[in-house]
Amino acid sequence: MITAITNVRVFDGEKVIRPTSVLIEGEQILSVGGEIPEHADIIDAEGGTLLPGLMDAHVHTSVEGLRDALKFGVTTELEMMGGFTQSGREAQLKGIEDIADVRSAGMAVTPPGGHPDELMPGDGEIPDFVLKELEKMSEEDRSAMLAAHAHAHDHGEAPTVTNREEALAFVNEQVREGADYIKIMIEEGTVLAASGLPVLSQDILRAAVEEAHRHHKIAIAHVLTAESARQAIEVGVDGLAHLFIDRPETTPDLVRMIAEAGAFVTPCLVLNSSIIGNSASELAGDPRVSSKLSPEWIDTLNASFNTYPQGSMEDNYRNVMDLHRAGVDILVGTDVSVPVPSLGGLAHGASVHHEMQLLVEAGFTPVEALQSATSKIARRFSLTDRGYIVEGARADLVLVDGDPTANISDTLSIRGVWQRGIRSN
């Protein structure tokens with residue numbers, strides 16, 4: 001069966017195409033424009049815009065998280081620490097439908113007692129706040145989260161990486177598990193109300209990055225300050241999983257370093273806003289959002305981290321725009337995890353739309369924000385089958401009412417979502 005989405009404005013991942021038709025056959029896009037077969041199933045999308053499936057380049061997810069993501073047209077989530085490596089996907093996701101696709105770093109390289117050990121006790125016990133959330137989940141999702149937790153501790157969620165040899169071994173273990181890329185932590189805790197967290201030496205971090213590259217995997221660094229970002233670029237990472245939240249006098253030099261290194265940045269402005277103390281209550285109050293989320297997620301959106309109230313969103317906007325103007329690839333990511341108010345301001349799927357709104361508020365055009373949620377992520381993570389609306393690509397598509405290339409908020413006015421050619425809503 002061929003599906004023809006007709007009379008639709010198209011954002012193809014890079015640019016806007018005047019109203020045309022997009023044909024889907026099986027799991028792929030058959031054509032953009034061209035003749036519509038007589039037997040095609042026709043969807044008249046007049047007044048709407050067709051987008052490539054959106055992506056979130058920074059999550060910590062679960063089956064339910066992947067399901068929520070798809071409701072919001074996020075067809076791919078990139079896990080930056082968790083159990084959904086290739087082996088994890090095969091064990092936990094086989095046969096489950098109506099969920100976003102997922103890729104994963106597996107476990108992150110970090111020293112004993114390093115981030116995120118302050119959030120997860122090293123003895124393998126599950127914190128009370130997670131237990132409370134598990135009680136609210138479906139049996140299916142609870143099983144997936146417990147499996148991910150067991151995977152984490154079986155493979156060293158707080159690994160004893162204290163020298164080069166252990167770093168090499170740890171990276172190799174993630175690769176054996178089917179990690180799609182490698183994550184390293186450079187977090188001393190300042191902006192997370194956990195000052196004094198241990199950080200690995202530059203020599204050890206560089207060894208981990210080089211080993212990732214030896215296996216043809218990109219290396220991504222968790223950083224939340226300008227100094228940590230500098231350390232990450234110096235050891236050769238391919239991307240920063242966050243935007244530095246501070247803005248020291250040396251920021252222009254750091255921006256130049258990142259640009260010259262060719263690294264990308266996933267700013268997670270929604271997270272930084274939450275760290276500064278801002279909730280996402282306006283997003284939570286939008287009926288296009290509230291109608292698709294559980295009360296627990298709405299409560300989470302209405303809360304915030306609030307660990308660095310002295311921070312400034314104006315500084316964050318200046319930082320991301322300086323990087324953007326310097327030619328650095330900016331990717332949409334959120335760092336969403338579980339529905340807990342202390343990790344507030346974030347929700348799977350919905351926060352991707354919020355992130356694009358914040359990028360536009362910072363100074364991006366709507367088209368640039370959409371590029372950051374589609375083609376730029378696909379290119380930087382070598383997801384060659386998605387991120388664009390072109391002949392032969394995966395039919396991961398989002399049909400929205402209105403024109404988000406002019407008004408970014410229209411991305412939330414979702415009329416239909418397709419993943420691999422199958423319409424999910």
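All values reported here derive from a predicted model rather than from experimental measurement.

A. Local environment of the overall build of the protein chain. The helix and strand inventory of the protein chain stands at 16 helices and 15 strands. The C-alpha radius of gyration of the protein chain comes to 21 Å, within 12% of the 22 Å expected for a compact globule of 425 residues. Dimensions of the protein chain, computed from the C-alpha atoms along their principal axes, are close to 65 × 50 × 45 Å. Looking at the 425 residues of the protein chain, the share that counts as buried comes to 60%. Counted over contacts in the protein chain with a minimum sequence separation of 6, partners at least 24 positions apart contribute 72%. Total accessible area on the protein chain is roughly 15,900 Å²; 48% of this is exposed by carbon and sulfur atoms.

B. Highlighting the pairing of strand E8 (residues 101–104). Alternating positions in E8 separate into two faces, Asp-101 and Arg-103 on one and Val-102 and Ser-104 on the other, with burial throughout. Judged from the four bridges that link them, strand E7 (residues 74–79) and E8 form a sheet pairing that is parallel. Across the sheet, Thr-76 pairs through a bridge with Asp-101, a residue of E8.

C. Representation of the sheet that holds strand E6 (residues 54–59). Ordered in space as E6-E7-E8, the three strands form an open sheet in which the pairing is parallel. Edge positions in the open sheet fall to E6 and E8, since each of these has one partner strand only. Recorded for the sheet is a direction-independent mean angle of 15 degrees between the axes of neighbouring strands. Here E6 runs beside E7; their pairing, made up of four bridges, is parallel. Its bridge partner lying in E7, Asp-56 is registered against Glu-77.

D. Representation of helix H14 (residues 350–362) within the structure. Its 13 residues give H14 an end-to-end C-alpha distance of 19 Å, which sits within 8% of 18 Å, the value for a rise of 1.5 Å per residue. Taken across its 13 residues, H14 has ten buried, putting it largely inside the fold. Listed in full, the buried residues belonging to H14 are Ala-350, Ser-351, Val-352, His-353, His-354, Glu-355, Met-356, Leu-358, Leu-359 and Ala-362. Of the residues trailing H14, Gly-363 is marked for its positive phi of about 140 degrees.

E. Spatial organisation of the pattern of salt bridges. In the structure shown here, the tally under the stated rule is 23 salt bridges. Between Arg-379 and Asp-329 there is a salt bridge, with the nearest N and O atoms lying 3.0 Å from each other. Here Asp-329 lies in the loop between helix H13 (313–325) and H14 and Arg-379 lies in helix H16 (residues 375–380), a separation of 50 residues in the sequence. By relative accessible area, which is 46% here, Arg-379 ends up partly exposed. For Asp-329, a relative accessible area of 11% gives the class buried. Residues Arg-380 and Asp-329 are paired through a salt bridge, measuring 3.0 Å at the closest nitrogen-oxygen approach. Pair noted here: Arg-380 is in helix H16 and Asp-329 is in the loop between H13 and H14, with a separation of 51 residues, a long-range link. Three or more residues joined by partner-sharing salt bridges are found here, namely Asp-101, Arg-103, Asp-385, Arg-386, Arg-394 and Asp-396.

F. Highlighting the side chain of Thr-300. Mapped onto the elements, Thr-300 comes out in helix H12 (residues 295–301). A polar contact of 2.9 Å, which involves the side chain of Thr-300, links it to the backbone oxygen of Glu-296. For Thr-300, the contacting residues outside a window of four places in its chain are Val-338, Pro-339, Val-340, Pro-341, Leu-343, Gly-344, Gly-345 and Leu-346.

G. Expanded view of helix H1 (residues 63–71). In terms of residue burial, H1 counts as a mostly covered element, since seven of its nine residues are buried. Every buried residue belonging to H1 is among Val-63, Gly-65, Leu-66, Arg-67, Asp-68, Ala-69 and Leu-70, and all of these are buried. Following H1 by one or two positions, Gly-73 adopts a phi angle in the positive range, close to 80 degrees.

What counts, and at which threshold
The numbering scheme is per chain: residues are counted from 1 as the chain's sequence reads. Residues qualify for local features only when their pLDDT is at least 70, as the model is predicted, and side-chain atom pairs are given and counted only at 80 or more; totals for whole chains, interfaces and linings, by contrast, use all residues. To get the side-chain values, take all heavy atoms of the structure and skip hydrogens and water. Going along the chain from the N terminus, every DSSP run of H or I of four or more residues is numbered as a helix, and every run of E of two or more is numbered as a strand. Just to be clear, the radius of gyration here is over C-alpha atoms, and the globule rule we use is 2.2 Å times residues to the power 0.38. Burial here depends on accessible area, computed with a 1.4 Å probe over protein chains only, as a share of the maximum for the residue type. Under 20% is buried, over 50% is exposed, and the range in between is partly exposed. Throughout, a contact is declared for two residues whenever any of their heavy atoms are within 4.5 Å. Where accessible areas are quoted, they stem from the Shrake-Rupley method and a 1.4 Å probe; at the residue level, only the protein chains shown are allowed to cover. Two strands make a pair as long as DSSP finds a minimum of two bridges between them. Angles shown run from 0 to 180 degrees and are taken between the N-to-C directions of axes, each axis being a line fitted to C-alpha atoms and, for helices, limited to the stretch in contact. By definition here, a helix of n residues has an expected span of 1.5 Å times n minus one. One speaks of a salt bridge when a side-chain nitrogen belonging to Lys or Arg is within 4 Å of a carboxyl oxygen belonging to Asp or Glu. Whenever two N or O atoms come within 3.5 Å, that pair is a polar contact, provided that in protein one can donate a hydrogen and the other can accept it, and provided that, for residues adjacent in sequence, both atoms are side-chain atoms.

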